[in-house]
Structures are given as structure tokens and as C-alpha cells.
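# Descriptive structure summary
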Amino acid sequence: MMNKFIFVIVCFISFPSIAQDHKIIPAPNHVEKREDNFKWTDYPIPIIADDTLFFEAEYLSELLKRDHGIVSEIVSMKNEGSRIQLLLDEDMNDAEAYALEITEKQIIITGGSRSGIFYGIQSLRQWMWNNYDDCNKAVSGVLIEDQPRYPFRALMLDPARHFLPVNDLKRYVDVMAQYKFNRLHLHLSDDQGWRIEIKKYPKLTEIGSDRSETDGDGKPHSGFYSQQDMKALVAYAAQRHVSIIPEIDIPGHSVAAIAAYPYLTCFEDQLEVRTTPNISKDLLCGGNDEVFRFLDDVIDELAQVFPGEEFHIGGDEAPLDHWEKCPKCQKRMKELKLSSPQHLMSYFFQRVNESLQKHKKKPLVWYELDVPYYPENSTMYAWRLGLSKEAIEKSRKQGYQLVCCPGEHAYFDYPQARGEETCNWMPVLPLEQVYKFEPTMELPAKETDHIIGVEATLWGEYIKDINRAFYMTWPRAMALSEAGWSEKKNRSWNEFKGKMDVHTSKLLHQGVNYRPPVELYDL
Ligand code: ACM
Ligand code: ZN
């Protein structure tokens, strides 16, 4: 009895409370509750931050006002009365790492970079959602030390299938930043639409951004982003520590570009921008230098719009039937002694990579296991349902970095429950199944050290507007955020379920159209 008593005391002393009653998503590495409370009195509360952190300080000030009516002012000099401090500490072991300490006297957020500070602010906000006492104007003390498991944490939208106005993309960025996602991947071209202005090829948007109808609905659909629109989005997202990854999907999924410029395809067929889903056999020609010139020009222009080094070049679902018959493709294969059209695919990406390298960009690719090789500096995406382990193993052997977005856990166009299907072939992907996503697929650590992160894909065939996109994203992306950020030992489905009420109610207040996870409630 005595021993048990001592054991309980010792546990209490050596392991301060780490239960997840903080309700922060994604779950932080280390949370230690403190006894003191910080009192929000003496308005305006000073926020001390040096000039480089001005945006982060303003962002915090705005959140405090919006969530709790707390008035603050930003001051750049240290002073005795300081109540909230934002401090950079480049010695932290990860640029995105942060520490948040709330004591009786002050709140200090230390970050490995501006991103770390930003994530500390997100955690402070969420901590206050659960630990701020409105009557006493007090927040409980805590020490949180945190950093991400993976550097790459992305969501993907598909405005190629249904155009999403740029202001809606900004709203999407706002919400994803709350959950510490740091990349928004935009699928900007596909058979059903080309959505980004290219000044040298005006028909891409004059013709390629317009389709006569969608799946027989009789209604024309159109829309594209000017380069100026995208520059504005890039700047807006950068303030929220989200980089924009553009994708031009080639050599398949290119019917909209071919409709605009028929010389891009093997037989120069005059095609219409596609009005139905499914895969087209009309690829960009792999034997025509004009195609590589076109892609070089497109990349030249997009490199001025998207400053990040990651550039997605698609690569998925490209049936090789036309390449097998096309005289230009066959001639190129003979000249280069390429033994199969799959080898021509590898050559195709090498050529495109030369254009990317001129701008110090590296290719991201939907990994197809039958393509013999990709450019050395490529990052693969493991996406095909049922092939995740194989993709992890093969990409490692081939020396590529890997992003995991497997159909089993991360295809957010799939319905969240039976009865919500938009399309009968899709499997159901409930919240719990997303939560079970372990990027390594339980393979040993030494075999998975090339995994750089996770992404959810929100293919847009049935996502007609941002409200539908939000509905399909949230709360599943909360589950995905833990797969990307939280250490495995800190993840628990039961704990996560317990966080849903507060987070979904906050989305409601923010006007975000999420799907209530009704299957979790006893109705
Ligand atoms: C894909 O789902 N076609 C990458
Ligand atoms: Zn060809």
C-alpha cells in the first residue's frame, strides 16, 4: 500500500500533466501544465516583438481581439512591463520548432524562425480556446515545447476540374495554417481545364480554361488565374507560412492544353476541353521538340510567379497507346535507343527537369511504379491505393524523397460516410481511417527516412466550390495534421475524438463549412 502511494507521488512529481486536455491539434510533443495563471489585465496588453516579426505580432493581436475581445498593442522595445514576448532563437533544432511558456508574469513564444513563432501563436490560440477563463480574464499556465515530425505538410486543391476564385483560396489558406500545414498544392491544369495565365500562349486560357459543360449538365464552366492573382496568393500564403506548389500535369491530363494548341499532341488532333472525368489517351508528344520548347516557356513564366523550389509536373495516368504508334515518338526512341515507351517517359521528365533546373526548381511527381527512372532530384508522391509499401520501398532504393498521400488515408475527394457518395466507385474514407494514417506504413525507421511528409488530395471532379472543398477537408485534415506534425507516441484516436467538439465549434464560428463527425456521437 505504502509503495503504491509513493509510486503515485513520484509519478506525479516527475511527469507533470501531459494528458491532452490541452486539446491542441496537431498534438504537441511536450505539454506541461503550470499552477500559475496569467491575468489579462492592464489593457492594452503589450506584445513585444522585433520588426522582423511584425506580421506575426499583428496576427496574434488580431486573434486575441477576435477570439476574446482582448486589446493589445505591438511594441518593439523590451521593457519591464512586457506581457507577451515573441523571440527568435535560431539555435532551436528545427526552424519550425517553438516553445510557449505562460507564467503568472508573461507569455513567451520562442521560435526557431518566423514559422516557429507563427506555430507558437497557433498553439497559444488553441490553448486559450480551452484554458481561458472569460470571467476572471485569466489563462492557465503551461510550457509547450514542440516541433514537427515532418517538414512537408500539404493539402491539395484541384481548380482545374472546378475553378476556385483566388479569394476562396485565401480563406482555405487561413484555415490550413491554423493546423500547421505549410504547403498548398494547386493542380492548375488537367483535361478539363487550364487555369493559369501564360502570356506567351494566350490560347491556354482563351480556349483551355473554358469547357462547354460538365458531365452532361449543359452548363459552360470557365475561369483562370492571372499571374497577378497568383502572385497575390503567394504573398498572402507566405505571411501564413504556407508555400504554394504549382502543378502542371504532363504528359497525360493535358487535353485542355492540347485543345488550345493541337501541335502539342502526337497526331495533332483538334480536341475539345474535356467535359467528363476519366483518363484520356491524348498525351503531349514525347518526340516533338516543340513540346519541350512550350514547356520550357511555361516553366519560365511560372518560375516568376511561384518562388518556391518545388514544382509539380504530374506524371500520373498517362496511357502509352499513342506514343507506341506516333512516328515522332518512335523516331525519338530509336535515336536514343530507348527500349520502351516507359523509357521515353523517363526521357520526357529529364527534358522537363532541364527547364526546371534553369530556375533552381525541383520536380515533384505522382509516382508510377512502371516508369524506369525519374530525374535524380525528384520527390515522389505515393498515391495509388494499395501500393503504398511498394512505393516507399522502391522510392528509397531509387534514392528519391517521398511524400505520402495514399488513397487508403489521404484522398479527400472520397466520401466521409456511406450515403455521401458523389460517385459510386469511390471507397469511403471516414475520419477514423484518416487518423489511422501512419506515413511509414509501419516499416522500420531506417527504411523510411526518405519520407519528407504527407499531403491530402482533394480532386475536384465533384468539388464545385470552396464550401464543398471545406466540407470534404474538415475535420479530416485535422486528423492528417497529426500524421504530419505529431510524434507517433503522442497520437491517440481517443484523445483526438475528445478534441472534436471544440475544434468543430470554432470552425462553425469561423464560417467554415465542415462535416460534423456525426459517427462519433451517440445520436
Ligand atoms: C491521381 O490520383 N491521379 C494522382
Ligand atoms: Zn508522339
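All values reported here derive from a predicted model rather than from experimental measurement.

## Regarding the coordination of the zinc ion (ligand 2)
Distances from the zinc ion (ligand 2) to its protein donors, Cys 266 (SG), Cys 285 (SG), Cys 326 (SG) and Cys 329 (SG), fall within 2.3 to 2.4 Å. Each of the four donor atoms bound to the zinc ion (ligand 2) contributes to angles spanning 104 to 114°, and the resulting shape is tetrahedral. Each donor residue of the zinc ion (ligand 2) lies on the same chain, and together they follow the pattern C-x18-C-x40-C-x2-C. Taken together, the residues Cys 266 in the loop between helix 7 (255-260) and helix 8 (289-305) and Cys 329 in helix 10 (residues 327-335) connect sequence positions 63 residues apart. The same class applies to Cys 266 and to Cys 329, which are both buried.

## Here we look at the pattern of salt bridges
Using the criterion set out here, one finds 31 salt bridges in the structure. A salt bridge links Glu 461 to Arg 161, with the nearest nitrogen and oxygen atoms 3.4 Å apart. With Glu 461 in the loop between strand 20 (451-458) and helix 15 (466-473) and Arg 161 in the loop between strand 9 (152-157) and helix 4 (166-178), this residue pair connects regions lying 300 residues apart in the sequence. For Arg 161, a relative accessible area of 5% translates into the label buried.

## Digging into the packing of aromatic side chains
All chains considered together, the criterion is met by 31 aromatic pairs. Between Tyr 119 and Trp 485 the ring centres are 5.3 Å apart and the planes differ by 75°, which places this aromatic pair in the edge-to-face class. Linking Tyr 119 in helix 3 (residues 114-131) with Trp 485 in helix 16 (residues 476-485), this pair joins segments that are 366 residues apart in sequence. Considered together, Tyr 119 and Trp 485 belong to a single accessibility category, that of buried residues. Residues Tyr 411 and Tyr 414 carry aromatic rings whose centres are separated by 5.5 Å and whose planes lie at 45° to one another, so their mutual orientation is tilted. Neither residue differs from the other here; Tyr 411 and Tyr 414 are each classed as buried. These aromatic residues form a ring-pair network of at least three members: Phe 152, Trp 366, Tyr 381, Trp 383, Tyr 411, Tyr 414, Trp 425 and Trp 459.

## Here we look at the packing of helix 10 against helix 11 (residues 341-358)
Where helix 10 contacts helix 11, the two axes come as close as 10 Å, and the packing angle between them is 85°. Viewed along their axes, helix 10 and helix 11 adopt a mutual orientation that is roughly perpendicular. Together, Cys 329, Arg 332 and Met 333 of helix 10 and Pro 341, Leu 344, Tyr 347 and Arg 351 of helix 11 make up the contact between the two elements.

## So, helix 3
Taking 1.5 Å of rise per residue, the 18 residues of helix 3 would be expected to cover 26 Å, and the 25 Å separating its terminal C-alpha atoms lies within 8% of that figure. Across the 18 residues that make up helix 3, a large majority, 16, are buried. The N-terminus of helix 3 is capped by Ser 113, whose side-chain oxygen sits 3.1 Å from the backbone nitrogen of Ser 115.

Thresholds, definitions, all that
- Residues numbered from 1 in each chain as written.
- Chains lettered and ligands numbered in written order.
- Predicted model: local features only at pLDDT ≥ 70, side-chain atom pairs only at ≥ 80, totals over all residues.
- Heavy atoms only, no water.
- Donors = N, O, S within 2.8 Å, 3.2 Å for Na, K, Ca; no water.
- Tetrahedral: all angles 85-135°; square planar, octahedral: opposite > 155°, others 65-115°.
- Helix = DSSP H or I, 4+ residues; strand = E, 2+ residues; numbered from the N terminus.
- Buried < 20%, exposed > 50% of the residue type's maximum accessible area, 1.4 Å probe, protein only.
- Salt bridge = Lys/Arg side-chain N within 4 Å of Asp/Glu carboxyl O.
- Phe/Tyr/Trp six-rings, centres within 6.5 Å; stacked < 30°, edge-to-face > 60°.
- Axes fitted to C-alpha atoms, helices over the stretch in contact; angles between N-to-C directions.
- Parallel < 35°, antiparallel > 145°, perpendicular 65-115°, else oblique.
- Contact = heavy atoms within 4.5 Å.
- Expected span 1.5 Å × (residues − 1).
- Polar contact = N/O pair within 3.5 Å; in protein donor to acceptor, adjacent residues only side chain to side chain.

Geometric values such as these leave the question of function open.
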